[in-house]
Amino acid sequence: MTLLLARRILELFYDKNDDGMFVPGDGDCVMNENSGWGNIRVSPLLTVWRRLHVEYDSMGAVKDNTVVAEVQEIVVLEDEEEIVVKLHPGEHLPLEEDRFAGGYLLDNSGARFEILGNTDRQVRLKKSGDSVPQVGTVRLRDDDVLTDGQDVPDLTPTARDGLKEAMAEACVEVLFDIGGHQGNVKFKGNLDLSTEKKSEEEQQFLLDHWNSKDKNRENYWVIYILVGFQGTRREDCDPNTEPCTLGRYFAPGGGAYVFYETTRDLAQKYNLCAEKVERLSLVHEVGHLVTRSESDDITIWDVKTKDPDHPGYRVINEDFYALDFRYTPECLRLIRTATKPWGPEVGNP
Ligand SMILES: [Ca+2]
Ligand SMILES: [Ca+2]
Ligand SMILES: [Ca+2]
Ligand SMILES: [Zn+2]
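The rules behind each value
Residues numbered from 1 in each chain as written. Chains lettered and ligands numbered in written order. Predicted model: local features only at pLDDT ≥ 70, side-chain atom pairs only at ≥ 80, totals over all residues. Heavy atoms only, no water. Helix = DSSP H or I, 4+ residues; strand = E, 2+ residues; numbered from the N terminus. Buried < 20%, exposed > 50% of the residue type's maximum accessible area, 1.4 Å probe, protein only. Contact = heavy atoms within 4.5 Å. Areas by Shrake-Rupley, 256 points an atom, 1.4 Å probe, with all protein chains shown as cover. Pairing = 2+ DSSP bridges. Axes fitted to C-alpha atoms, helices over the stretch in contact; angles between N-to-C directions. Donors = N, O, S within 2.8 Å, 3.2 Å for Na, K, Ca; no water. Parallel < 35°, antiparallel > 145°, perpendicular 65-115°, else oblique. Left-handed = near helix turned anticlockwise from the far one by under 90°. Nonpolar A, V, L, I, M, F, W, Y, C, P; charged D, E, K, R; others polar. Tetrahedral: all angles 85-135°; square planar, octahedral: opposite > 155°, others 65-115°. Core = buried A, V, L, I, M, F, W, Y, C linked by side-chain atoms within 4.5 Å.

Novice: I tried to follow the overall build of the protein on my own but got confused; where do I start?
Specialist: The secondary structure content of the protein amounts to 6 helices and 14 strands. Of all 349 residues assigned to the protein, the portion counted as buried reaches 47%. Put simply, 69% of the contacts in the protein that link residues at least 6 apart link residues at least 24 apart. Element-wise, carbon and sulfur atoms account for 49% of the exposed surface of the protein, whose accessible area totals about 17100 Å².

Novice: What's the story with the pairing of strand 9 (residues 122-126) in this structure? I'm lost.
Specialist: Two faces, one strand: in a regular strand the side chains alternate between the faces of the sheet. Where burial is concerned, the two faces of strand 9 differ: the one with Val-123 and Leu-125 is buried and the one with Gln-122, Arg-124 and Lys-126 is not. Pairing between strand 6 (residues 82-87) and strand 9: 5 bridges, direction antiparallel. The residue of strand 9 that forms the bridge with Ile-83 is Leu-125. Here strand 8 (residues 112-118) pairs with strand 9 via 3 bridges, running antiparallel. Paired with Ile-115 across the bridge in strand 9 is Leu-125. Following strand 8, the chain reverses through 3 residues before pairing antiparallel with strand 9.

Novice: Any chance you could explain the sheet that holds strand 7 (residues 104-106) here in plain terms?
Specialist: By way of backbone hydrogen bonds, the strands of a sheet pair with one another, either parallel or antiparallel. Ordered in space as 5-6-9-8-7-10, the 6 strands form a closed barrel in which the pairing is antiparallel. Here the strands of the sheet are splayed against their neighbours by 45° on average, with no regard to which way each runs.

Novice: Where do I start with the coordination of the calcium ion (ligand 3) in this structure?
Specialist: Around a metal, the perfect tetrahedron of four donors has angles of 109.5 degrees, and the perfect octahedron of six donors has angles of 90 or 180 degrees. Every protein donor of the calcium ion (ligand 3) is accounted for by Asp-143 (OD), Asp-143 (OD), Cys-237 (O), Asp-238 (OD), Asn-240 (OD1), Asp-265 (OD) and Asp-265 (OD), and the metal-donor separations fall at 2.2 to 2.8 Å. Look at where the donors of the calcium ion (ligand 3) fall in the sequence and you get D-x93-C-D-x1-N-x24-D. You can see Asn-240 sitting in the loop between strand 12 (221-228) and strand 13 (247-249) and its partner Asp-265 sitting in helix 3 (residues 260-270), a full 25 residues away along the chain. A residue is classified by how much of its surface remains accessible, and Asp-265, at 1% relative accessible area, is buried.

Novice: Looking at this structure, how should I read the packing of helix 3 against helix 4 (residues 274-291)?
Specialist: When two helices pack together, their arrangement is given by the angle between their axes and by how far apart the axes lie. Interaxial distance between helix 3 and helix 4 falls to 8 Å at its minimum, and their mutual angle equals 130°. It follows from the interaxial angle that helix 3 and helix 4 lie oblique. Once helix 3 is placed against helix 4, the crossing between them reads as right-handed. Touching Tyr-260, Thr-263, Arg-264, Leu-266 and Ala-267 of helix 3 are Ala-274, Glu-275, Val-277, Glu-278 and Ser-281, all from helix 4. For the contact of helix 3 with helix 4, a count of residues per class yields 5 nonpolar, 2 polar and 3 charged.

Novice: Where do I start with helix 3 in this structure?
Specialist: An α-helix turns once every 3.6 residues. As a result, residues three or four positions apart point the same way. By the criterion of burial, helix 3 is predominantly enclosed, with 9 of the 11 residues buried. Taken as a whole, helix 3 has its buried residues at Tyr-260, Glu-261, Thr-262, Thr-263, Arg-264, Asp-265, Leu-266, Ala-267 and Tyr-270. Packed against the buried residues of helix 3 are strand 12, strand 14 (256-259) and helix 4. Of the residues trailing helix 3, Asn-271 is marked for its positive phi of about 55°.

Novice: Sorry, what's going on with the coordination of the calcium ion (ligand 1) here?
Specialist: Protein ligation of the calcium ion (ligand 1) involves Ser-58 (OG), Met-59 (O), Asp-151 (OD), Asp-151 (OD), Val-152 (O) and Gly-183 (O), the donor distances falling in the range 2.1 to 2.9 Å. Between the 6 donor atoms coordinating the calcium ion (ligand 1), the angles at the centre fall across 45 to 173°, so the site counts as irregular. Residue classification places Ser-58 among the buried positions, given a relative accessible area of 1%.

Novice: I tried to follow the nonpolar core on my own but got confused; where do I start?
Specialist: Among soluble globular proteins, nonpolar side chains are generally buried collectively. Judged by nonpolar contacts, the single largest core of 52 residues is most densely connected at Leu-52, Leu-163, Met-167, Ile-225, Val-286 and Tyr-327. Looking at this core, the elements that each hand over two or more residues are strand 4 (50-58), helix 1 (157-168), strand 11 (172-175), helix 2 (196-209), strand 12, strand 14, helix 4 and helix 6 (329-336). Among the elements that make up this core, the one with the highest residue count is strand 12 (7 residues). If sequence neighbours within four positions are ignored, Leu-52 has contacts with Met-167, Val-172, Glu-173, Val-174, Leu-175, Trp-221, Ile-223, Val-286, Val-290 and Pro-341. Ranked by size, the runner-up nonpolar core spans 16 residues in total, among them Leu-95, Leu-105, Leu-125 and Val-138.

Novice: What is the right way to look at the sheet that holds strand 12 in this model?
Specialist: The strand order across the open sheet formed by 5 strands is 11-4-12-14-13, and the pairing between neighbours is mixed. Only two strands of the sheet have a single neighbouring strand rather than two, namely strand 11 and strand 13. Neighbour-to-neighbour, the strand axes of this sheet turn through a mean angle of 25°, independent of strand direction. Both strand 4 and strand 11 contribute to a ladder of 4 bridges, which runs parallel. Pairing of His-53 across the sheet is with Leu-175, part of strand 11. Lying on the sheet, helix 1 is in contact with strand 4 and strand 11; it crosses strand 11 at an angle near 160°. The sheet strands contacting helix 3 are strand 12 and strand 14, and the helix crosses strand 14 at an angle near 40°.

Right, dumping it as structure tokens:
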């Protein structure tokens, strides 16, 4: 007698003629509490062994994502397709090299010029006809999707449903039902993890907004997700040649970011569906939080489609996604034996 386990773990069949297929009417039958082969019945399968309660917030309106500077001199290079705008040293310093590549410069009259690259003291613009920016105050913008004043959106249903699906494989039910929801957490353009003290402040920032953190127990899992803007300056995909960190978990204090702007930036760069990139980021970071694992054996990578020029990039094409927002076998094993997610230690109730 062969029992086929099909459609993941949801249904069990009796395969009468051992042909490896379920054909109703062929003598094969569904095995559950009510039906089965002869008098044999199957007790209900375990489909949920833990519930994971997710508190999630998002940052409010974007601030200071435009840099204002004063022009010192404009040089039009006749033989090249470039205009060089030299800047007065000022409050805009320091500027990350080439952060504004792919973005644009706005002059006082509102004219817009595409930026090819930048250093601290000058910006290289693409020449377009005879137009040259006016000398005076200029505004520099990188290629970010969100501009000053726009609200950082919440987790998309695609991402939330993706987490439910990924966790279901480990018999964990995900509920976005705890701690209230805040859509206007104070905006921060980049995380600062440059020193131990700064990193502790970033951890504390998450804890300050995580209302349900004291509820996390071995029999009642609670995690915190904040939709933020970008990781550190060196991993925010500006310029696009830089690493694009899509999310970041904090250990052992708990909580994780999903970076709205970086997921959009990466999606644009590779012409991908942004919501699917966000789904990948959410599933991945939650995998770390729940398993307390710092290894990167968390979500499935399709090595074949990995971009050899950009080691570490995880998302390349549609095929990749089909696999990637699911947990690896090792991560599923760790979820099934997990005690409780990372978070502050709390006493028993
Ligand atoms: Ca918001
Ligand atoms: Ca950067
Ligand atoms: Ca970018
Ligand atoms: Zn990771």
